Amino acid sequence: MENEIEILIAALKNNHYHPVVCVEKAASAVPLLLDWIPPDASIEGAGSASVLQVGILDKLRERGNRFSEPGAELTETGATRKDVLLVSTNAVTLDGKFVNIDGMGNRVTGMVYGVRRVILLVGANKIVRDVPEALERVQQVISPFHARRLGMKTPCAATGACSDCNAPHRICNITTIISKRPPSVDFSVIISKEDLGLGWDPSWPAERIERIQTAYGDEMDKFLSTLPKRE
Ligand code: SF4
C-alpha cells in the first residue's frame, strides 16, 4: 500500500492538485481542514461518509462555518457559489483520476465548477488501478450496497447486484472522470492511510470489508436521522 500511495501522490501532484497531503490516521485530517478552511467560508459536504467519519462537521459549525447538505439551503446571504466543497471520491486511480457515479449530480458538479475550493478526503480503500476497475467497482459493488443501505427503491437494493436499471430512484445517473485539476477550482487532496467511506474490492479480507461497511453505516445512520424523511 505504501508504494501505491506514493505513486498516487506523485500522479496527483503531476495532475496539478495542490496541496496533496498524506496522513497516517484519518483523524489527522481534522487540524489540516480547520487550517485550510476559513472560519467564514460556506461549505457543502454532500453527505460524504468520509467527511462524517473524521468528525469535522461539528468543529466547523462551532466556529461559525455555514454548512449545507443536499436538500438544505444556506440560510444566510443567498450565496449561490459555495466557498468550499468538502467531500470524497468514489474511487481514485493510480494515475490520479477521480471517478464518481452520482444520483443528483450536486457532488460531481461542485468538483468541476462553481465552488471556489474543493477538498477531497480520500481513504486508502478508494485507490484503484485504473478507470475500468473504478467503474466496475463503483457500479457493481459500491452503488448496490449504498442503495441497499439507504433503503432506496431500486432493484439493486433488493438483490445486491446492479441491473443497469431504469428505476425512478436510480442513484447512478451521472458518471464523471476528472482527469486533471479543473482549471477554475482550487483543488486539494488529503489521502488517509486509514480506510474512510465506502470503497472496497470484493477480494479483500472479510474483516476489512466489514470494518469499512460498519464505519460507514454508523455514520450514515446518524446523518440520515437528521434529514427529513423521503418518499
Ligand atoms: S443502475 Fe440501478 S440497479 Fe444499478 S446500481 Fe444504480 S440504482 Fe442500482
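Before any of the text, the structure's been laid out above.
In this text, all values refer to a predicted model and were calculated from it rather than measured experimentally.

### Focus on the overall build of the protein chain
Counting its secondary structure elements, the protein chain contains 8 helices and 10 strands. Rg of the C-alpha trace for the protein chain: 17 Å, near the compact-globule value of 17 Å for 231 residues, within the 12% margin. Across its three principal axes, the protein chain shows a C-alpha extent of roughly 45 × 45 × 30 Å. Per-residue burial for the protein chain yields a buried fraction of 35% across its 231 residues. A sequence separation of at least 24 residues applies to 75% of the contacts in the protein chain between residues at least 6 apart.

### Considering the sheet that holds strand E1 (residues 20–23)
Spatial ordering of the open sheet is given by E1-E10-E7-E4-E2-E3, a layout of 6 strands whose pairing is parallel. Of all the strands in the sheet, the pair left with one neighbour each is E1 and strand E3 (66–68). Within the sheet, the average angular offset between the axes of one strand and its neighbour, ignoring direction, is 20 degrees. Note that strand E2 (residues 42–44) and E3 share 3 bridges and pair parallel. Within the sheet, the bridge partner assigned to Ile43 lies in E3 and is Phe67. Running at roughly 160 degrees to E1, helix H1 (residues 2–14) makes contact with E1 and strand E10 (186–192) of the sheet. Sitting on the sheet, helix H2 (residues 29–36) is in contact with E1, strand E7 (117–123) and E10, with an inclination near 165 degrees to E10.

### A closer look at the pairing of E7
Counted residue by residue, E7 has 6 buried out of 7 residues, so it is predominantly covered. As judged from the 4 bridges shared by strand E4 (residues 84–87) and E7, these two strands associate in the parallel manner. Within E7, the position partnered with Leu86 by the bridge is Ile119.

### Quick notes on the site of the ligand
Around the ligand, 14 residues are found, and the nearest of them are Ser143, Cys156, Cys162, Cys165 and Cys172. The class makeup of the residues in the shell around the ligand is 9 nonpolar, 3 polar and 2 charged.

### Description of H1
Its 13 residues give H1 an end-to-end C-alpha distance of 18 Å, which sits within 8% of 18 Å, the value for a rise of 1.5 Å per residue. Where H1 terminates, the next one or two residues include His16, which has phi positive at roughly 80 degrees.

### Examining helix H8 (residues 206–224)
In this model, H8 (19 residues) spans 26 Å end to end at C-alpha, consistent with the 27 Å of a helix rising 1.5 Å per residue. For H8, the complete set of buried residues consists of Ile212, Ala215, Tyr216 and Glu219. Take H8 and look down its axis: the buried residues cluster within an arc of 90 degrees, on one side only. Facing away from the buried surface of H8 by more than 90 degrees, the exposed residues are Ala206, Glu207, Glu210, Thr214 and Asp221. For H8, the secondary structure elements touched by its buried residues are helix H3 (49–54).

### Points about the sheet that holds strand E8 (residues 127–128)
Read across the sheet, 4 strands follow the order E8-E5-E6-E9 without closing on themselves; strand pairing throughout is mixed. Every interior strand has two partners, whereas the edge strands, E8 and strand E9 (174–178), have only one. Here strand E5 (residues 91–93) runs beside E8; their pairing, made up of 2 bridges, is parallel. Across the sheet, the residue bridging to Val92 is Ile127, located in E8. Across the sheet, helix H6 (residues 131–150) is in contact with E5, strand E6 (98–102), E8 and E9; its angle to E6 comes to roughly 30 degrees.

### Overview of the environment of Val185
Mapped onto the fold, Val185 is located in the loop between E9 and E10. Here Val185 falls in the partly exposed class, since 19 other C-beta atoms lie within 10 Å of it. Separated by 27 residues in the primary sequence, Val185 and Ala158 place their C-alpha atoms 39 Å from one another. Those residues in contact with Val185 that lie beyond four places of it in its chain are Val112, Val115 and Val118.

### Re the nonpolar core
Residues Leu121 and Val189 are the most contacted members of the largest nonpolar core, which totals 47 residues. For this core, the element with the highest residue contribution is E7, accounting for 5 residues. Contact partners of Val189, with chain neighbours within four places excluded, come to Leu12, Tyr17, Val20, Leu120 and Val122.

Criteria and cut-off values
- Residues numbered from 1 in each chain as written.
- Predicted model: local features only at pLDDT ≥ 70, side-chain atom pairs only at ≥ 80, totals over all residues.
- Helix = DSSP H or I, 4+ residues; strand = E, 2+ residues; numbered from the N terminus.
- Rg over C-alpha atoms; globule rule 2.2 N^0.38 Å.
- Buried ≥ 20, exposed ≤ 12 C-beta atoms within 10 Å, placed from the backbone.
- Contact = placed C-beta atoms within 7 Å.
- Pairing = 2+ DSSP bridges.
- Axes fitted to C-alpha atoms, helices over the stretch in contact; angles between N-to-C directions.
- Near = placed C-beta within 6 Å.
- Nonpolar A, V, L, I, M, F, W, Y, C, P; charged D, E, K, R; others polar.
- Expected span 1.5 Å × (residues − 1).
- Arc of directions from axis to C-beta.
- Core = buried A, V, L, I, M, F, W, Y, C linked by C-beta atoms within 7 Å.

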